[in-house]
Amino acid sequence: MDILLIGSGGREHALAWKLTSSPDLGRLYAAPGNPGIASLAEIVPLDVTDAGRVLDFCRSRAIGLVVVGPEAPLVAGLADVLRAAGILVFGPSGAAARLEGSKGFTKDLCARMDIPTAAYRRFTDREEALAYVRAQGAPIVVKADGLAAGKGVVVATAIDEALAAVEAALDGTPGAAIVVEDCLFGEEASLFCLCDGERAVLFGTAQDHKRAFDGDQGPNTGGMGAYSPALVLTPDLTEEAMRRIVEPTLLGMRAAGTPFSGVLYAGLILTETGPQLIEYNVRFGDPECQTLMMRLDSDLLPLLLACARGDLSEARPVWREEAAVCVVAATKGYPGAFAKGSPIRQLPEDDDRAIVFHAGTKLLGDRLVADGGRVLGVTATGVDVAEAAVKAYAALEEVDWPEGFWRTDIGHRAIARDADGTAA
Ligand code: AMP
Ligand code: GLY
């Protein structure tokens, strides 16, 4: 089967890497891709925001499956256009992608389905929102309603910070909307499920490191590293999250006439009263996906195809009994201003120690240069998170890129927990 993969990040490089080991794969095309993906797939110069062009390409090449990596084309309805033309797609419809595209939509669904999540109110009126925040007091959380590339959330510890966040978000821009919610406390973990509209099949757990610098300091980023599995999500907590959060979500989406298919990424916070939902994403996490792909023993292609066909009844993903760690190398300055074009002079060879997944890289002739904020995701497996981290960091020592930086403590929580003996 020939596949078109949409996206250009480390997540999509990892998906391409895993898909190319499938005996069922014919040709793999990718758009827009990156130099890492180009070593595995044929890059097609397609504007992926133009669904009509994507459809024309799929028809001209008899594409059997389209795998959509990022959220923006899903929220924009790419899967709807392709499905309406009879093309199989891994990824939700635009209506179902509102689980990520609108925080207010998701909160209302949680309220309807009695899904554990922080108490909340939705606002479009600035004065009403300010009055509510003053009445509630800090700590409190202010979230922009729409897609914000991970930058739309302010967890305010002081009331002035919360009021400023409301003013910044409801600044008079037409259509601006926010959710204000109670602040929850606990460790965060991510749970991934493959969904076919009706069923959810657990597809691994992970924890990511959102802050730019060691010790979880500095500004929020798209993710500076991740590890899988997240042992803090014990089998009991995972079962509880599936039963109280994921399954009612699928039920509610079906009842609304917008069944969810694709990968559902539940951002959870493990509170004293059990797991609660922080947010949903409607795609794989980046860099969580890199760790999942290296741990997955099963063939990925039939699993994605089963989601796209709407029948996961036979799907039983099998995982290697290993942990994986991905350390992201980013351009100095990220997530603030940074320069593009710095040369990456040397990378470690991909081998059984570690794999370098490309994100924001570009080839200038035969020279590899940085072309984005997050640039590389060095990913390794090991018997536990500590061993995987040692292997990933050993590989990073061979990266010769003076303009790059990375955190040196990815996996620290899991490593400390293992050392404490508080988890198996
Ligand atoms: P989100 O983009 O919704 O995942 O939020 C980004 C980050 O903000 C999350 O990973 C949490 O660390 C934090 N956060 C969001 N909502 C809450 C909440 N209700 N209570 C505490 N922290 C939160
Ligand atoms: N790593 C967080 C995300 O993909 O949203």
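Going by the structure above, here's the rest.
All of the points below concern the structure found in this document. A quick note: this is a predicted structure, and the numbers were derived from the prediction, not measured.

Comments concerning the site of ligand 2
Every residue near ligand 2 is listed here: Asp208, Gly222, Tyr265, Asn281, Arg283, Gly285, Asp286, Pro287 and Glu288. The separation between a nitrogen atom of ligand 2 and a polar main-chain atom of Gly222 is 3.1 Å. Contacts to ligand 2 include Asp286, whose backbone N or O atom sits 3.0 Å from an oxygen atom. When the free accessible area of ligand 2 is taken as 200 Å², the share hidden by the protein chains comes to 89%. Here the shell around ligand 2 is built from residues that sort into two nonpolar, three polar and four charged.

A word on the layout of surface pockets
Computed from the structure, the second largest pocket encloses a volume of approximately 520 Å³. In terms of lining, the second largest pocket is formed by 22 residues, of which the most central are Thr205, Pro229, Ala230, Leu231 and Arg295. For the lining of the second largest pocket, the elements supplying multiple residues, two or more each, are β11 (200-208) and α10 (235-255). Among the elements that line the lining of the second largest pocket, the one with the most residues is β11, at three residues.

Section: the side chain of Thr221
Following the sequence through the fold, Thr221 ends up in the loop between β13 (217-220) and β14 (225-228). Relative accessible area serves as the criterion here: at 6%, Thr221 is assigned to the buried category. Polar contacts involving the side chain of Thr221 include one to the main-chain carbonyl oxygen of Lys210, which spans 2.7 Å. A distance of 2.8 Å separates the side chain of Thr221 from the backbone nitrogen of Gly223, its partner in a polar contact. Leave out the neighbours within four places in its chain, and Thr221 touches His209, Lys210, Arg211, Ala212, Tyr334 and Pro335.

As for the site of ligand 1
Near ligand 1 there are 14 residues, and of these Glu181, Asp182, Leu184, Glu188 and Glu279 occur at the shortest range. Here Lys143 contributes a side-chain N or O atom positioned 3.0 Å from a nitrogen atom of ligand 1. Asp182 has a polar backbone atom sitting 2.9 Å from a nitrogen atom of ligand 1. In the complex, the protein chains occlude 89% of the 480 Å² of accessible area that ligand 1 would expose alone. Those elements that place two or more of their residues in the shell around ligand 1 are β7 (140-144), β8 (153-156), β9 (178-182) and β16 (274-281). Broken down by class, the residue content of the shell around ligand 1 amounts to seven nonpolar, no polar and seven charged.

Some details on helix α13 (residues 385-396)
For α13, spanning twelve residues, the distance from its first C-alpha to its last is 16 Å, which sits close to the expected 16 Å at 1.5 Å a residue. Of the positions making up α13, those classed as buried are Val385, Ala388, Ala389, Ala392, Tyr393, Ala395 and Leu396. With its buried residues spanning 155 degrees around the axis, α13 presents them on a single face.

Examining empty space enclosed by the protein
Any empty space left between the atoms is revealed when a probe the size of a water molecule rolls over them. One pass over the structure, following the stated rule, counts two cavities of 30 Å³ or more. Lys103, Thr106, Ile278, Glu279 and Tyr280 are the residues nearest the centre of the largest cavity, which is lined by 14 residues in total. Split into classes, the residues belonging to the lining of the largest cavity amount to six nonpolar, two polar and six charged. Size it by volume and the second largest cavity reaches roughly 40 Å³. Forming the boundary of the second largest cavity are Gln207, Tyr227, Pro229, Ala230, Leu231, Val232, Val385, Ala414, Arg417 and Asp418. Residue contributions to the lining of the second largest cavity peak at three residues, all from helix α14 (residues 412-420). Grouping the amino acids of the lining of the second largest cavity by side-chain chemistry returns seven nonpolar, one polar and two charged.

Notes on the environment of Pro219
Its location among the elements puts Pro219 in strand β13. Look at Pro219 and you get partly exposed, because its relative accessible area is 39%. Placed 194 residues apart in sequence, Pro219 and Arg413 show a C-alpha to C-alpha distance of 19 Å. Discounting chain neighbours no more than four positions away, the residues touching Pro219 are Lys210, Arg211, Ala212, Phe213 and Pro335.

Let's talk about unusual backbone geometry
For the bond running from Ala31 to Pro32, omega is -5 degrees, close enough to zero to count as cis. Locating Pro32 in the fold gives a position in strand β2 (residues 28-32). The omega torsion across Tyr334 and Pro335 is 10 degrees, close enough to zero to call that bond cis. Relative to the assigned elements, Pro335 resides in the loop between β17 (323-331) and β18 (355-358). Here Asp114, not a glycine, exhibits a phi torsion of approximately 60 degrees, which is positive. Take Asp114: it is sitting in the loop between α7 (103-113) and β6 (120-123). Phi is positive for Asp216, close to 55 degrees, though the residue is something other than glycine. Counting through the fold element by element, Asp216 comes out in the loop between β12 (211-213) and β13.

Thresholds, definitions, all that
- Residues numbered from 1 in each chain as written.
- Chains lettered and ligands numbered in written order.
- Predicted model: local features only at pLDDT ≥ 70, side-chain atom pairs only at ≥ 80, totals over all residues.
- Heavy atoms only, no water.
- Near = heavy atom within 4 Å.
- Polar contact = N/O pair within 3.5 Å; in protein donor to acceptor, adjacent residues only side chain to side chain.
- Areas by Shrake-Rupley, 256 points an atom, 1.4 Å probe, with all protein chains shown as cover.
- Nonpolar A, V, L, I, M, F, W, Y, C, P; charged D, E, K, R; others polar.
- 1 Å grid on protein atoms, 1.4 Å probe; cavity = no way out; pocket = protein on both sides within 12 Å on 5 of 7 lines; lining within 4 Å.
- Points joined across faces, edges and corners; volume = space filled by probe spheres on them.
- Helix = DSSP H or I, 4+ residues; strand = E, 2+ residues; numbered from the N terminus.
- Buried < 20%, exposed > 50% of the residue type's maximum accessible area, 1.4 Å probe, protein only.
- Contact = heavy atoms within 4.5 Å.
- Expected span 1.5 Å × (residues − 1).
- Arc of directions from axis to C-beta.

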